[in-house]
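Commentary on secondary and tertiary structure
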Amino acid sequence: KAGVTQTPRYLIKTRGQQVTLSCSPISGHRSVSWYQQTPGQGLQFLFEYFSETQRNKGNFPGRFSGRQFSNSRSEMNVSTLELGDSALYLCASSPGQGRNSPLHFGNGTRLTVT
Amino acid sequence: AQSVTQPDIHITVSEGASLELRCNYSYGATPYLFWYVQSPGQGLQLLLKYFSGDTLVQGIKGFEAEFKRSQSSFNLRKPSVHWSDAAEYFCAVGGNNQAGTALIFGKGTTLSVSS
């Protein structure tokens, strides 16, 4: 079974631009979550989608948004990029929506904002 | 508020020696606990999880962890470390059912293995 696929692997953007990251979950998984990983703040939860509905959202500004499509694929968008948005963005999928449903992570998209 | 603390930022262990990585959590109810490992340039891989029942849980790659409610701890252990175990290790706690699958992660412990 193919794992979680994130594209692209690397991105370089300029401050003020916007960016869209893509995530394809493991086949059959209906829950997709996004995390931001930085050296200073560590791993922080952004949001979770299940069956195209946002279930939970972390403590991030409205510039961070996401969506999930009917095939469970998900996209994350960051508008008006700031230098502090430079991070590794990890997508994770899960077969269920409960807290006993372990996350399977992709290899991430490394975003650099200059 | 829920939180996870990994007191050790960096640990160096000799190959073949035993390993224990510490994790302390703060959570009001019965926690759902996880250990993940991240190799450079990779995503996170689940090592093991604890939901309920036997407090000693076995995971992949020869790892185990013990849940101690009285100490609010979930320490990860391995009897004999291999050079390939060098990576960053994250402890995480799951919230209540309303939180879905969202996890709160510790800041991680980097493991170096010396020969």
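Residues numbered from 1 in each chain as written. Chains lettered and ligands numbered in written order. Predicted model: local features only at pLDDT ≥ 70, side-chain atom pairs only at ≥ 80, totals over all residues. Heavy atoms only, no water.

The next subject is the state of the cysteines. According to the stated counting rule, one finds 2 disulfides over all chains in the structure shown. At a sulfur-sulfur separation of 1.8 Å, the disulfide partner of C23 of chain A is C91 of chain A. Given an S-S torsion of about -60°, the disulfide between C23 of chain A and C91 of chain A has left-handed geometry. Of the two residues, C23 of chain A is situated in strand β3 (residues 19-24) and C91 of chain A in strand β9 (residues 87-94); the sequence distance between them amounts to 68 residues. Neither C23 of chain A nor C91 of chain A differs from the other in exposure class; each is buried. The residue that forms a disulfide with C23 of chain B is C91 of chain B, at a sulfur-sulfur distance of 2.0 Å. On the sign convention where negative is left-handed, the bridge of C23 of chain B and C91 of chain B, at about -65° about the S-S bond, is left-handed. (Disulfide = S-S within 2.5 Å. Helix = DSSP H or I, 4+ residues; strand = E, 2+ residues; numbered from the N terminus. Buried < 20%, exposed > 50% of the residue type's maximum accessible area, 1.4 Å probe, protein only.)

Moving on, we get to the sheet that holds β3 of chain A. Residues and elements named next belong to chain A. Across the sheet, 4 strands lie side by side as β1-β3-β8-β7; this open sheet has antiparallel pairing. Looking at strand neighbours, the two that pair on one side only are β1 (5-7) and β7 (64-68), the edges of this open sheet. Each strand axis lies, on average, 20° off the axis of its neighbour in the sheet, ignoring direction. Pairing analysis gives 5 bridges linking β3 to strand β8 (residues 74-78), with the strands arranged antiparallel. Directly across from C23, in β8, lies its bridge partner S74. (Pairing = 2+ DSSP bridges. Axes fitted to C-alpha atoms, helices over the stretch in contact; angles between N-to-C directions.)

Residue placement: L44 of chain B occurs in strand β6 (residues 44-50). Along the backbone, L44 of chain B and Y89 of chain B are 45 residues apart, and their C-alpha atoms lie at a distance of 8.9 Å. If sequence neighbours within four positions are ignored, L44 of chain B has contacts with L43, L90, F105 and G106 of chain A together with Y36, V37, Q38, F90 and F105 of chain B. (Contact = heavy atoms within 4.5 Å.)

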